[in-house]
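Residue-level structural notes
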Amino acid sequence: EKVFPENYKNVLGYPHFSFSICVYGGSKDEAKFLMDKGYIKEEKVRLVILGNEYFNMSRAKNIAHLAYDSDFVMNCDGDNLLSKDYLKTLNKTFLKNINTEKLFIRCGGKCLRGRVGCWKNDFAELGGYDSSRQGYWGDDRDFAKKAWGAGFNFVTMPDSKRFTYEKLHNPDKISNFS
């Protein structure tokens, strides 16, 4: 509720950016918030609601990336703030590399910080995230290793000055994972 409104406001200046949100797990509070505030009526926001009892982060990312038409998919974890500076840099990076095949954009060197992206067709060919993976951390790193092994062209963006707004890593959230 704190991060998404600011992300949404910041993305409005970029007509080719949109959100594909997967609400997956025990709580539907996020979906209710998005619907109550009218975000779902906007073309920039696509929502997938899954009724599974337990959360699997990699599966949720796969579903969100493949559920809708788009050419390029980029993960943004729910606690990541998309500052105006970050979006400006992302847009420049993407446009500079728009003709690069097997493009893999990552934010911030070794620590990917929940922000990695590639062409959607390449994402599908790689098999997406490993949905058998359990737990909460390391899925982006594992996906990046898979892309590296497949010969992808890596472009690293600098970390944003204002990176995270809300720490979501707490025992209540972790207890709902399979």
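Here the structure is a predicted model, which is why all the values come from computation and not from measurement.

Below, the discussion takes up the overall build of the protein chain. Per the secondary structure count, the protein chain includes seven helices and six strands. Along the protein chain, helices (α) and strands (β) appear in the sequence α-β-α-β-α-β-α-β-β-α-α-β-α when read from the amino end. Burial analysis of the protein chain (178 residues in total) assigns 47% to the buried set. Carbon together with sulfur atoms contributes 50% to the accessible area of the protein chain, which is approximately 10000 Å² in total.

What follows covers the sheet that holds strand 3 (residues 72–74). As summarised here, the arrangement of the four strands in space is 3-5-4-6, forming an open sheet in which the pairing is mixed. Unpaired on one side and paired on the other, strand 3 and strand 6 (153–157) mark the two borders of the sheet. For this sheet, the mean inter-axis angle between neighbouring strands, taken without regard to orientation, is 15°. Relative to strand 5 (residues 116–119), strand 3 runs antiparallel, the two sharing three bridges. From the neighbouring strand, Phe 72 faces strand 5, where its bridge partner is Trp 119. Those strands touched by helix 4 (residues 84–96) are strand 3, strand 4 (103–107), strand 5 and strand 6, and its axis lies near 155° from that of strand 6.

As a note on interpretation, predicted positions should not be read in detail where pLDDT is low. Per-residue confidence for the protein chain averages 78 on the pLDDT scale, and 79% of its residues sit at or above 70. Per-element averaging of pLDDT across the protein chain places helix 7 (residues 171–174) at the bottom with 38 and helix 5 (residues 120–126) at the top with 93. Counted against residues more than four places away or in other chains, residues 161–178, with its pLDDT under 50, gives 42 contacts.

In this section: the pattern of salt bridges. Tallying each qualifying case throughout the model produces five salt bridges. Of the charged contacts, one joins Lys 61 and Asp 140 as a salt bridge, the two residues approaching to 3.1 Å between their closest N and O atoms. Of the two residues, Lys 61 sits in helix 3 (residues 57–66) while Asp 140 sits in helix 6 (residues 139–149), which places them 79 residues apart along the sequence. Asp 140 matches Lys 61 in its accessibility class, with the two residues each being buried. Between Asp 142 and Arg 141 there is a salt bridge whose closest N-O contact spans 3.3 Å. Residues joined in a network through salt bridges with shared partners are Lys 61, Asp 139 and Asp 140.

Looking now at helix 4. An ideal rise of 1.5 Å per residue puts 18 Å on 13 residues; helix 4 measures up with 18 Å between its terminal C-alpha atoms. Listed in full, the buried residues belonging to helix 4 are Tyr 86, Leu 87, Leu 90, Asn 91, Thr 93 and Phe 94. For helix 4, the arc enclosing every buried residue in end-on projection is 165°, short of the 170-degree limit, so these residues lie on one face. Turned more than 90 degrees away from the buried face of helix 4 sit Lys 84, Asp 85, Lys 92 and Lys 96, all of them exposed. Buried residues along helix 4 sit against helix 1 (3–11), strand 3, strand 4, strand 5 and strand 6.

This part covers helix 3. In an α-helix, one turn spans 3.6 residues, which is why side chains three or four residues apart end up on the same side. Taken across its ten residues, helix 3 has seven buried, putting it largely inside the fold. Turning to helix 3, its buried residues number three or more, namely Met 57, Ser 58, Ala 60, Lys 61, Asn 62, Ala 64 and His 65.

What counts as what
- Residues numbered from 1 in each chain as written.
- Predicted model: local features only at pLDDT ≥ 70, side-chain atom pairs only at ≥ 80, totals over all residues.
- Heavy atoms only, no water.
- Helix = DSSP H or I, 4+ residues; strand = E, 2+ residues; numbered from the N terminus.
- Buried < 20%, exposed > 50% of the residue type's maximum accessible area, 1.4 Å probe, protein only.
- Areas by Shrake-Rupley, 256 points an atom, 1.4 Å probe, with all protein chains shown as cover.
- Pairing = 2+ DSSP bridges.
- Axes fitted to C-alpha atoms, helices over the stretch in contact; angles between N-to-C directions.
- Contact = heavy atoms within 4.5 Å.
- pLDDT = per-residue confidence, 0-100.
- Salt bridge = Lys/Arg side-chain N within 4 Å of Asp/Glu carboxyl O.
- Expected span 1.5 Å × (residues − 1).
- Arc of directions from axis to C-beta.

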